[in-house]
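Chain and residue survey
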Amino acid sequence: MLLTAARRRITACALALACALVDVALAPVTDAHAGAEALTVARAIALPGNQAYPESMATDPATGDLYITSFGTGAVYRARAGQTEAETFLPAGTDGRTQAMGTTVDRHGRLWVDDASGVTVYDTADGTRLARFVSPTPGDSLLDDIALTPDGTAYVTDSLLQLVYRLPAATIEDTIAAAGTATLDVGFDLNSVVAEHPVGAITLNGIESDADGTYLITADMTSGELFRLEPATGGIRKITVSGGALLSADGLLWEKDQLWAAQFASDGVTRVALSADRTTATVTAQVSDGALQHPTALLRLGGSLHVLRSQFGSATLDLPFSVAKVSGV
């Protein structure tokens, strides 16, 4: 059967990632570090349509609603707290968007959505566009994931340029007040520390802040390396990881002294223990299961770990696209 344009685009994305990893020894993910409980993966929330190819998700801290972005169409879905089916919140093509990547909801209940060249902020009450923040080099960028720190600053990874952009809270509020557009500024340039990689490889991907905003952690998807970023000083430090590999790490989840990573290429989820100064990390659980369907994001929902199953590049789709509840890791 012929692929649709969207399917061809998704398949091309998956192949590009595979090519980016071709010169890297992709160690298999095993359950060697996992506990006695068997891994279980169960559908928790179904997504509408057959072209979603979901990429990222975030919860609204005030309502518990879950928002999921579609790389396949650019739509954003919303699952109300406690619901098992999501509905379309922002339709495909909203503000000209055909792909949507990273997302988060800030403390004011505003939804942030990445596309390749910029970040758009929306009111979760009615979907009104509030502001737009664009890459200084939109044609060359691939904006991927977003992290917010307690002081209201936003950080955005650029997967093609090895940069993390920084948006101070004052800039955010001023731009929203004017319903305007602003340009992202570089907060961290990781080109001198990211490992050598093929041209066009997807590098920096997931990014997370700790509870007080002292440190950020971001992952290089191609090398599997983690980096500690220090907003107060601008410092960048590679984290020494032992006990396993984090190759193809996509979305991250940081909970106190533990960091979780969704590993796209190996259908894996990994948990690592972080040192107090966040300079070392030890793999404490690492599992792989085809039922994870190329995971790209993970979060805690209702006390349980939930994983977003992208199905990027899958030859046969398991519909509906979904968020899965995972236990045993």
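Residues numbered from 1 in each chain as written. Predicted model: local features only at pLDDT ≥ 70, side-chain atom pairs only at ≥ 80, totals over all residues. Heavy atoms only, no water.

**Section: the overall build of the protein chain**
For the protein chain, the helix and strand inventory stands at two helices and 25 strands. Counting every position in the protein chain, which comprises 329 residues, the buried fraction comes to 55%. For the protein chain, the accessible area works out to roughly 13,000 Å², and carbon and sulfur atoms hold 51% of it. (Helix = DSSP H or I, 4+ residues; strand = E, 2+ residues; numbered from the N terminus. Buried < 20%, exposed > 50% of the residue type's maximum accessible area, 1.4 Å probe, protein only. Areas by Shrake-Rupley, 256 points an atom, 1.4 Å probe, with all protein chains shown as cover.)

**Things to note about the packing of aromatic side chains**
Applying the stated criterion to the full structure yields seven aromatic pairs. Centre to centre, the rings of Tyr67 and Phe89 are 5.5 Å apart; their planes meet at 75°, and the pair counts as edge-to-face. Here Phe89 lies in strand S5 (residues 87-90) and Tyr67 lies in strand S3 (residues 66-70), a separation of 22 residues in the sequence. Pairwise contacts between aromatic rings join Tyr53, Phe71, Phe264, Phe312 and Phe321 into one cluster. (Phe/Tyr/Trp six-rings, centres within 6.5 Å; stacked < 30°, edge-to-face > 60°.)

**Looking at the layout of surface pockets**
Estimates place the volume of the largest pocket at around 1,000 Å³. Residue lining of the largest pocket: 46 residues in total, with Thr104, Val105, Ala147, Leu148 and Glu208 positioned closest to the centre. Element by element, the count of residues in the lining of the largest pocket is highest for strand S19 (residues 249-255), at six residues. (1 Å grid on protein atoms, 1.4 Å probe; cavity = no way out; pocket = protein on both sides within 12 Å on 5 of 7 lines; lining within 4 Å. Points joined across faces, edges and corners; volume = space filled by probe spheres on them.)

**A word on the environment of Tyr67**
Among the residues examined, Tyr67 registers a relative accessible area of 1% and is labelled buried. Residues Tyr67 and Arg80, spaced 13 residues apart in sequence, show a C-alpha to C-alpha distance of 8.7 Å. Once residues lying within four places of it in the same chain are set aside, the contact partners of Tyr67 are Ser56, Met57, Ala58, Asp60, Val76, Tyr77, Arg78, Phe89, Thr103, Val105, Leu111 and Thr124. At a separation of 3.2 Å, a polar atom in the side chain of Tyr67 contacts the side chain of Arg78. (Contact = heavy atoms within 4.5 Å. Polar contact = N/O pair within 3.5 Å; in protein donor to acceptor, adjacent residues only side chain to side chain.)

**A word on the sheet that holds strand S7 (residues 110-114)**
Across the sheet, five strands lie side by side as S6-S7-S8-S9-S13; this open sheet has mixed pairing. Two strands close off the open sheet at either side, each with one partner strand: strand S6 (103-105) and strand S13 (181-183). Strand-to-strand twist of the sheet, defined as the mean angle between neighbouring strand axes without regard to direction, takes the value 20°. In terms of strand pairing, strand S8 (residues 118-123) meets strand S9 (residues 129-134) through five bridges, oriented antiparallel. In the strand pairing of S9, Val121 is matched with Ala131. Across the face of the sheet, helix H2 (residues 169-177) comes into contact with S7, S8, S9 and S13 while running at roughly 130° to S9. (Pairing = 2+ DSSP bridges. Axes fitted to C-alpha atoms, helices over the stretch in contact; angles between N-to-C directions.)

**Thoughts on the sheet that holds S19**
In sheet architecture, strand pairing relies on hydrogen bonds along the backbone and comes in two forms, parallel and antiparallel. Pairing in this open sheet of eight strands is mixed, and the strands run S15-S16-S17-S18-S22-S21-S20-S19 from one edge to the other. Edge strands, defined here as strands with exactly one partner in the open sheet, are strand S15 (204-209) and S19. Across this sheet, the average inter-strand angle for adjacent strands is 30°, counted without regard to direction.

**Points about the pairing of S9**
What sits between S8 and S9 in their antiparallel hairpin is a turn of five residues, with Gly127 showing a positive phi close to 80°. As paired elements, S9 and S13 share three bridges and run parallel to each other. Looking across to S13, one finds that Val134 is bridged to Thr183.

**Here's the deal with unusual backbone geometry**
Of the consecutive residues Leu319 and Pro320, the connecting peptide bond is found in the cis state with omega at 0°. As for its placement among the helices and strands, Pro320 is situated in the loop between strand S24 (304-309) and strand S25 (322-327). In the Ramachandran plot, Lys256 falls in the positive-phi region, its phi being about 55° despite a non-glycine side chain. By the element assignment, Lys256 lies in the loop between S19 and strand S20 (258-263). The phi dihedral of Gln311 is positive, around 60°, even though this residue is not glycine. Tracing the sequence through the fold places Gln311 in the loop between S24 and S25.

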